[in-house]
Amino acid sequence: MEYTQLGRTGLKVSRLVLGTMNFGPQTGEPESHAIMDTALEAGINYFDTANVYGWGDNKGRTEEIIGTWFGQGGGRREKTVLATKVYGNMAAEGDPWPNYDRLSALNIRRAVDASLKRLNTDHIDVYQFHHVDRLTPFEEIWQAVEVLIQQGKILYAGSSNFPGWKIAQANEAAARSGRLGLVSEQCLYNLAERRAELEIIPAAEAYGLGVIPWSPLHGGLLGGAIRKAAESGRTATGRSADALANSSVRAQVQAYEDLLDKHGLEPGEVALAWLLTRPGVTGPIVGPRTPEQLASALRAVELELSQEVLDGLDEVFPGPGPAPEAFAW
(Lines give C-alpha, C1' and ligand atoms only; values in the text may rest on other atoms or scores of the structure.)
Protein backbone atom coordinates (compact mmCIF):
# COMPACT_ATOMS: atom_id res chain seq x y z
CA MET A 1 0.00 0.00 0.00
CA GLU A 2 1.11 3.54 -0.72
CA TYR A 3 0.52 6.39 1.73
CA THR A 4 0.27 10.14 1.39
CA GLN A 5 -0.48 13.15 3.55
CA LEU A 6 -4.12 14.10 3.95
CA GLY A 7 -4.08 17.54 2.37
CA ARG A 8 -1.87 19.99 4.23
CA THR A 9 -1.94 17.98 7.46
CA GLY A 10 0.74 15.74 8.92
CA LEU A 11 -1.68 12.79 8.87
CA LYS A 12 -0.61 9.85 6.69
CA VAL A 13 -3.40 7.91 5.00
CA SER A 14 -3.58 5.08 2.48
CA ARG A 15 -4.21 5.85 -1.18
CA LEU A 16 -7.36 3.78 -1.06
CA VAL A 17 -10.12 4.68 1.39
CA LEU A 18 -12.40 1.90 2.61
CA GLY A 19 -16.00 3.00 2.21
CA THR A 20 -18.44 1.22 4.52
CA MET A 21 -21.84 2.30 3.17
CA ASN A 22 -22.72 -1.28 2.19
CA PHE A 23 -22.06 -2.64 5.69
CA GLY A 24 -25.42 -3.48 7.12
CA PRO A 25 -27.78 -2.83 4.18
CA GLN A 26 -26.01 -5.20 1.74
CA THR A 27 -23.20 -6.89 3.67
CA GLY A 28 -23.80 -8.63 6.97
CA GLU A 29 -21.75 -8.00 10.09
CA PRO A 30 -19.45 -11.09 9.88
CA GLU A 31 -18.52 -10.43 6.25
CA SER A 32 -18.15 -6.70 6.96
CA HIS A 33 -15.69 -7.55 9.72
CA ALA A 34 -13.82 -9.86 7.35
CA ILE A 35 -13.58 -7.11 4.72
CA MET A 36 -12.22 -4.65 7.29
CA ASP A 37 -9.67 -7.21 8.49
CA THR A 38 -8.53 -7.83 4.92
CA ALA A 39 -8.31 -4.10 4.21
CA LEU A 40 -6.22 -3.47 7.31
CA GLU A 41 -3.94 -6.40 6.49
CA ALA A 42 -3.46 -4.93 3.01
CA GLY A 43 -2.41 -1.59 4.53
CA ILE A 44 -5.63 0.40 4.07
CA ASN A 45 -5.71 2.58 7.18
CA TYR A 46 -8.37 5.15 6.19
CA PHE A 47 -11.97 4.03 6.84
CA ASP A 48 -14.93 6.23 5.92
CA THR A 49 -18.50 6.07 7.17
CA ALA A 50 -21.44 8.35 8.09
CA ASN A 51 -23.95 8.50 10.89
CA VAL A 52 -26.88 7.94 8.49
CA TYR A 53 -25.44 4.78 6.90
CA GLY A 54 -27.73 1.85 7.46
CA TRP A 55 -30.56 4.08 6.19
CA GLY A 56 -34.26 4.08 7.01
CA ASP A 57 -35.06 2.54 10.36
CA ASN A 58 -31.45 1.31 10.63
CA LYS A 59 -29.63 4.64 10.52
CA GLY A 60 -26.43 4.25 12.52
CA ARG A 61 -26.16 0.50 11.88
CA THR A 62 -22.97 0.85 9.82
CA GLU A 63 -21.23 2.73 12.62
CA GLU A 64 -22.33 0.00 15.03
CA ILE A 65 -20.75 -2.69 12.82
CA ILE A 66 -17.47 -0.76 12.80
CA GLY A 67 -17.77 -0.36 16.57
CA THR A 68 -18.10 -4.10 17.16
CA TRP A 69 -15.09 -4.63 14.90
CA PHE A 70 -13.04 -2.18 16.97
CA GLY A 71 -14.23 -4.05 20.06
CA GLN A 72 -12.35 -7.15 18.91
CA GLY A 73 -9.11 -5.37 19.78
CA GLY A 74 -5.87 -6.41 18.14
CA GLY A 75 -4.91 -2.81 17.40
CA ARG A 76 -7.83 -2.34 15.03
CA ARG A 77 -8.78 1.12 16.31
CA GLU A 78 -5.17 2.23 16.83
CA LYS A 79 -4.25 1.39 13.23
CA THR A 80 -7.32 3.01 11.69
CA VAL A 81 -7.80 6.62 10.63
CA LEU A 82 -11.54 6.91 11.22
CA ALA A 83 -13.77 9.34 9.35
CA THR A 84 -17.50 9.77 9.78
CA LYS A 85 -20.05 12.41 8.80
CA VAL A 86 -22.76 14.63 10.23
CA TYR A 87 -25.70 16.39 8.56
CA GLY A 88 -28.41 13.85 7.73
CA ASN A 89 -31.52 13.64 9.89
CA MET A 90 -31.03 11.09 12.68
CA ALA A 91 -34.49 11.48 14.22
CA ALA A 92 -36.63 8.35 14.22
CA GLU A 93 -38.54 7.68 11.03
CA GLY A 94 -41.70 9.77 10.95
CA ASP A 95 -40.54 11.94 13.86
CA PRO A 96 -40.56 15.62 12.80
CA TRP A 97 -38.82 16.85 15.97
CA PRO A 98 -36.26 19.57 14.99
CA ASN A 99 -32.51 19.88 15.59
CA TYR A 100 -31.62 16.31 14.67
CA ASP A 101 -30.02 17.25 11.36
CA ARG A 102 -27.85 19.88 9.64
CA LEU A 103 -24.88 21.65 11.23
CA SER A 104 -26.16 23.67 14.16
CA ALA A 105 -23.90 23.62 17.19
CA LEU A 106 -26.61 21.68 19.01
CA ASN A 107 -26.85 18.95 16.38
CA ILE A 108 -23.07 18.68 15.96
CA ARG A 109 -22.72 18.14 19.71
CA ARG A 110 -25.55 15.61 19.78
CA ALA A 111 -24.41 13.78 16.64
CA VAL A 112 -20.76 13.38 17.60
CA ASP A 113 -21.64 11.86 20.97
CA ALA A 114 -24.04 9.40 19.33
CA SER A 115 -21.44 8.43 16.69
CA LEU A 116 -18.76 7.90 19.33
CA LYS A 117 -21.07 5.55 21.21
CA ARG A 118 -21.97 3.54 18.10
CA LEU A 119 -18.36 3.43 16.92
CA ASN A 120 -17.13 2.24 20.31
CA THR A 121 -14.31 4.78 20.41
CA ASP A 122 -13.35 7.92 22.30
CA HIS A 123 -12.49 10.05 19.27
CA ILE A 124 -13.09 10.52 15.53
CA ASP A 125 -10.05 11.38 13.45
CA VAL A 126 -11.79 13.24 10.61
CA TYR A 127 -15.28 14.60 11.28
CA GLN A 128 -16.93 15.56 8.01
CA PHE A 129 -19.85 17.79 7.07
CA HIS A 130 -21.93 15.58 4.76
CA HIS A 131 -23.50 18.53 2.91
CA VAL A 132 -23.50 22.31 2.94
CA ASP A 133 -25.85 23.88 5.50
CA ARG A 134 -27.32 27.03 4.00
CA LEU A 135 -28.90 28.05 7.32
CA THR A 136 -25.97 27.81 9.77
CA PRO A 137 -23.11 30.33 9.61
CA PHE A 138 -19.59 28.96 9.53
CA GLU A 139 -18.73 30.97 12.62
CA GLU A 140 -21.14 28.77 14.58
CA ILE A 141 -19.91 25.59 12.92
CA TRP A 142 -16.24 26.33 13.65
CA GLN A 143 -17.02 27.26 17.25
CA ALA A 144 -18.70 23.86 17.71
CA VAL A 145 -15.78 22.09 16.03
CA GLU A 146 -13.26 23.88 18.24
CA VAL A 147 -15.08 22.68 21.36
CA LEU A 148 -14.98 19.09 20.09
CA ILE A 149 -11.25 19.37 19.36
CA GLN A 150 -10.59 20.76 22.84
CA GLN A 151 -12.62 17.90 24.34
CA GLY A 152 -10.54 15.38 22.38
CA LYS A 153 -13.58 14.04 20.54
CA ILE A 154 -12.34 14.89 17.03
CA LEU A 155 -8.98 15.81 15.48
CA TYR A 156 -9.77 17.26 12.05
CA ALA A 157 -12.78 18.55 10.11
CA GLY A 158 -13.58 17.76 6.50
CA SER A 159 -16.36 18.39 3.99
CA SER A 160 -18.36 16.37 1.52
CA ASN A 161 -20.35 17.55 -1.49
CA PHE A 162 -19.21 21.17 -1.08
CA PRO A 163 -18.92 23.45 -4.13
CA GLY A 164 -15.65 25.25 -4.58
CA TRP A 165 -16.95 28.58 -3.27
CA LYS A 166 -18.17 26.93 -0.05
CA ILE A 167 -14.72 25.40 0.50
CA ALA A 168 -13.28 28.89 0.17
CA GLN A 169 -15.94 30.43 2.41
CA ALA A 170 -15.46 27.76 5.09
CA ASN A 171 -11.70 28.09 5.23
CA GLU A 172 -11.69 31.86 5.12
CA ALA A 173 -14.07 31.87 8.09
CA ALA A 174 -11.78 29.42 9.91
CA ALA A 175 -8.70 31.50 9.15
CA ARG A 176 -10.30 34.63 10.61
CA SER A 177 -10.50 32.89 13.97
CA GLY A 178 -7.11 31.21 13.73
CA ARG A 179 -8.50 27.72 13.14
CA LEU A 180 -7.21 25.02 10.79
CA GLY A 181 -10.44 24.70 8.82
CA LEU A 182 -11.32 21.94 6.38
CA VAL A 183 -8.57 19.42 5.61
CA SER A 184 -10.43 17.21 3.11
CA GLU A 185 -13.28 17.22 0.62
CA GLN A 186 -15.23 14.19 -0.54
CA CYS A 187 -16.77 14.78 -3.93
CA LEU A 188 -18.31 12.87 -6.81
CA TYR A 189 -15.40 12.44 -9.20
CA ASN A 190 -14.59 9.77 -11.77
CA LEU A 191 -13.83 9.37 -15.46
CA ALA A 192 -17.48 9.78 -16.42
CA GLU A 193 -18.14 12.68 -14.04
CA ARG A 194 -15.32 15.23 -14.18
CA ARG A 195 -17.13 18.47 -13.33
CA ALA A 196 -15.23 18.60 -10.03
CA GLU A 197 -12.21 19.67 -12.09
CA LEU A 198 -13.87 23.03 -12.81
CA GLU A 199 -13.94 24.52 -9.31
CA ILE A 200 -13.91 21.94 -6.50
CA ILE A 201 -10.50 20.41 -7.04
CA PRO A 202 -8.77 23.75 -7.73
CA ALA A 203 -10.31 25.17 -4.52
CA ALA A 204 -9.23 22.09 -2.56
CA GLU A 205 -5.68 22.36 -3.89
CA ALA A 206 -5.52 26.10 -3.16
CA TYR A 207 -6.66 25.63 0.45
CA GLY A 208 -4.70 22.44 1.08
CA LEU A 209 -7.56 19.94 1.23
CA GLY A 210 -7.09 16.31 0.30
CA VAL A 211 -9.62 15.22 -2.33
CA ILE A 212 -11.44 11.95 -1.60
CA PRO A 213 -13.50 10.93 -4.66
CA TRP A 214 -16.67 8.93 -4.02
CA SER A 215 -18.38 6.65 -6.54
CA PRO A 216 -15.12 6.11 -8.46
CA LEU A 217 -16.83 3.54 -10.72
CA HIS A 218 -19.89 5.78 -11.19
CA GLY A 219 -22.32 3.25 -9.80
CA GLY A 220 -20.67 0.37 -11.66
CA LEU A 221 -20.78 2.06 -15.06
CA LEU A 222 -16.97 2.11 -15.26
CA GLY A 223 -16.54 -1.41 -13.94
CA GLY A 224 -17.18 -3.17 -17.26
CA ALA A 225 -20.96 -2.80 -17.19
CA ILE A 226 -21.59 -3.65 -20.84
CA ARG A 227 -19.24 -6.63 -20.88
CA LYS A 228 -20.62 -8.01 -17.61
CA ALA A 229 -24.18 -7.72 -18.87
CA ALA A 230 -23.26 -9.59 -22.07
CA GLU A 231 -21.44 -12.33 -20.14
CA SER A 232 -24.19 -12.83 -17.57
CA GLY A 233 -27.16 -12.35 -19.86
CA ARG A 234 -28.61 -9.90 -17.33
CA THR A 235 -29.18 -6.22 -17.95
CA ALA A 236 -27.45 -3.62 -15.82
CA THR A 237 -29.31 -2.19 -12.83
CA GLY A 238 -29.40 1.06 -10.88
CA ARG A 239 -27.31 3.99 -12.03
CA SER A 240 -25.62 1.90 -14.74
CA ALA A 241 -28.95 0.93 -16.30
CA ASP A 242 -30.17 4.52 -16.30
CA ALA A 243 -26.96 5.75 -17.90
CA LEU A 244 -26.72 3.01 -20.52
CA ALA A 245 -30.27 3.75 -21.64
CA ASN A 246 -28.79 6.88 -23.19
CA SER A 247 -27.32 5.86 -26.56
CA SER A 248 -24.50 8.43 -26.47
CA VAL A 249 -23.44 7.32 -22.97
CA ARG A 250 -23.59 3.69 -24.03
CA ALA A 251 -21.36 4.41 -27.02
CA GLN A 252 -18.91 6.22 -24.75
CA VAL A 253 -18.79 3.33 -22.27
CA GLN A 254 -18.37 0.85 -25.12
CA ALA A 255 -15.41 2.87 -26.43
CA TYR A 256 -13.94 2.82 -22.91
CA GLU A 257 -14.26 -0.94 -22.61
CA ASP A 258 -12.88 -1.46 -26.12
CA LEU A 259 -9.84 0.68 -25.31
CA LEU A 260 -9.07 -1.33 -22.18
CA ASP A 261 -9.69 -4.65 -23.91
CA LYS A 262 -7.07 -3.61 -26.45
CA HIS A 263 -4.55 -3.15 -23.64
CA GLY A 264 -5.65 -6.16 -21.60
CA LEU A 265 -6.80 -4.07 -18.66
CA GLU A 266 -9.73 -4.43 -16.26
CA PRO A 267 -12.12 -1.46 -16.40
CA GLY A 268 -12.77 -1.15 -12.65
CA GLU A 269 -9.07 -1.24 -11.81
CA VAL A 270 -8.28 1.35 -14.48
CA ALA A 271 -10.99 3.72 -13.22
CA LEU A 272 -9.39 3.65 -9.76
CA ALA A 273 -5.83 3.86 -11.07
CA TRP A 274 -6.78 6.89 -13.19
CA LEU A 275 -8.02 8.74 -10.11
CA LEU A 276 -4.70 8.04 -8.39
CA THR A 277 -2.97 9.97 -11.19
CA ARG A 278 -5.14 13.07 -10.77
CA PRO A 279 -3.78 16.24 -9.11
CA GLY A 280 -5.02 16.81 -5.58
CA VAL A 281 -6.50 13.33 -5.13
CA THR A 282 -5.58 11.65 -1.85
CA GLY A 283 -7.38 8.42 -2.61
CA PRO A 284 -10.75 7.23 -3.92
CA ILE A 285 -13.35 5.60 -1.68
CA VAL A 286 -13.90 1.95 -2.52
CA GLY A 287 -17.05 0.39 -1.10
CA PRO A 288 -16.72 -3.37 -1.56
CA ARG A 289 -19.69 -5.62 -0.88
CA THR A 290 -17.48 -8.72 -1.05
CA PRO A 291 -13.81 -9.64 -0.40
CA GLU A 292 -13.40 -10.21 -4.15
CA GLN A 293 -14.33 -6.61 -4.91
CA LEU A 294 -11.80 -5.43 -2.34
CA ALA A 295 -9.07 -7.56 -3.94
CA SER A 296 -9.79 -5.95 -7.32
CA ALA A 297 -9.55 -2.47 -5.81
CA LEU A 298 -6.21 -3.28 -4.18
CA ARG A 299 -4.72 -4.25 -7.54
CA ALA A 300 -5.42 -0.74 -8.81
CA VAL A 301 -2.82 0.75 -6.46
CA GLU A 302 -0.04 -1.14 -8.25
CA LEU A 303 -1.37 -0.47 -11.75
CA GLU A 304 0.68 2.01 -13.77
CA LEU A 305 -1.18 3.43 -16.75
CA SER A 306 0.82 4.20 -19.87
CA GLN A 307 0.60 7.60 -21.49
CA GLU A 308 -1.14 5.96 -24.43
CA VAL A 309 -3.88 4.66 -22.14
CA LEU A 310 -4.18 7.98 -20.31
CA ASP A 311 -4.50 9.85 -23.62
CA GLY A 312 -7.11 7.35 -24.78
CA LEU A 313 -9.12 7.83 -21.59
CA ASP A 314 -9.08 11.60 -22.10
CA GLU A 315 -10.38 11.10 -25.63
CA VAL A 316 -13.25 8.92 -24.45
CA PHE A 317 -14.05 10.99 -21.35
CA PRO A 318 -12.79 14.54 -21.94
CA GLY A 319 -12.75 16.75 -18.90
CA PRO A 320 -14.50 20.12 -18.77
CA GLY A 321 -11.26 22.09 -18.70
CA PRO A 322 -10.25 24.67 -16.11
CA ALA A 323 -12.44 27.49 -14.88
CA PRO A 324 -13.14 30.11 -16.09
CA GLU A 325 -11.83 29.19 -19.54
CA ALA A 326 -14.23 26.21 -19.78
CA PHE A 327 -17.22 28.56 -19.79
CA ALA A 328 -15.66 31.94 -20.65
CA TRP A 329 -12.54 33.14 -22.45
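The structure contained in this document is the topic of the report that follows. (Residues numbered from 1 in each chain as written. Predicted model: local features only at pLDDT ≥ 70, side-chain atom pairs only at ≥ 80, totals over all residues. Heavy atoms only, no water.)

## Remarks on the packing of helix 2 (residues 61–70) against helix 4 (residues 105–119)
No. 1: Relative to each other, helix 2 and helix 4 sit at 50 degrees, their axes nearing to 6 Å. For the element pair helix 2 / helix 4, the angle class is oblique. Here Glu63, Glu64, Ile66, Gly67 and Phe70 of helix 2 lie close against helix 4, whose contacting residues are Ser115, Arg118 and Leu119.
No. 2: The class makeup of the residues in the contact of helix 2 with helix 4 is three nonpolar, two polar and three charged. (Axes fitted to C-alpha atoms, helices over the stretch in contact; angles between N-to-C directions. Helix = DSSP H or I, 4+ residues; strand = E, 2+ residues; numbered from the N terminus. Parallel < 35°, antiparallel > 145°, perpendicular 65-115°, else oblique. Contact = heavy atoms within 4.5 Å. Nonpolar A, V, L, I, M, F, W, Y, C, P; charged D, E, K, R; others polar.)

## Details of the pairing of strand 8 (residues 182–188)
Consecutive residues of a regular strand have side chains that alternate between opposite faces of the sheet.
No. 1: Counting buried residues along strand 8, six of its seven residues qualify, which places the element largely inside the surrounding structure.
No. 2: In the sheet, strand 7 (residues 154–160) pairs with strand 8 via three bridges, with the strands oriented parallel. Looking across to strand 8, one finds that Ser159 is bridged to Glu185.
No. 3: Following the chain from strand 7 across helix 6 (residues 164–176) to the adjacent parallel strand 8, one finds a crossover that is right-handed.
No. 4: Pairing geometry for strand 8 and strand 9 (residues 210–214), over five bridges, is parallel. Bridge pairing in strand 9 places Ser184 opposite Gly210.
No. 5: In this region the chain leaves strand 8, passes through helix 7 (residues 200–207) and returns to the parallel neighbour strand 9; the handedness of that crossover is right-handed. (Buried < 20%, exposed > 50% of the residue type's maximum accessible area, 1.4 Å probe, protein only. Pairing = 2+ DSSP bridges. Right-handed = clockwise from strand over helix to strand, strands pointing away.)

## Comments concerning the pattern of salt bridges
No. 1: Counted by the stated rule, this structure contains 20 salt bridges.
No. 2: With a closest N to O distance of 3.4 Å, Lys59 and Glu93 form a salt bridge. One end of the pair, Lys59, is in the loop between strand 4 (46–48) and helix 2; the other, Glu93, is in the loop between strand 5 (81–86) and helix 4, with 34 residues separating them in the sequence.
No. 3: Counted as one network, the salt bridges with shared partners bring together Arg194, Glu197, Arg278 and Asp314. (Salt bridge = Lys/Arg side-chain N within 4 Å of Asp/Glu carboxyl O.)

## Points about the sheet that holds strand 5
No. 1: Strand order across the open sheet formed by eight strands is 9-8-7-6-5-4-3-10, with parallel pairing between neighbours. If you trace the sheet from one side to the other, it starts and ends with strand 9 and strand 10 (285–286), each paired once.
No. 2: As paired strands, strand 3 (residues 17–19) and strand 4 are joined by three bridges and run parallel to one another. Bridged to Leu18 within strand 4 is Phe47.

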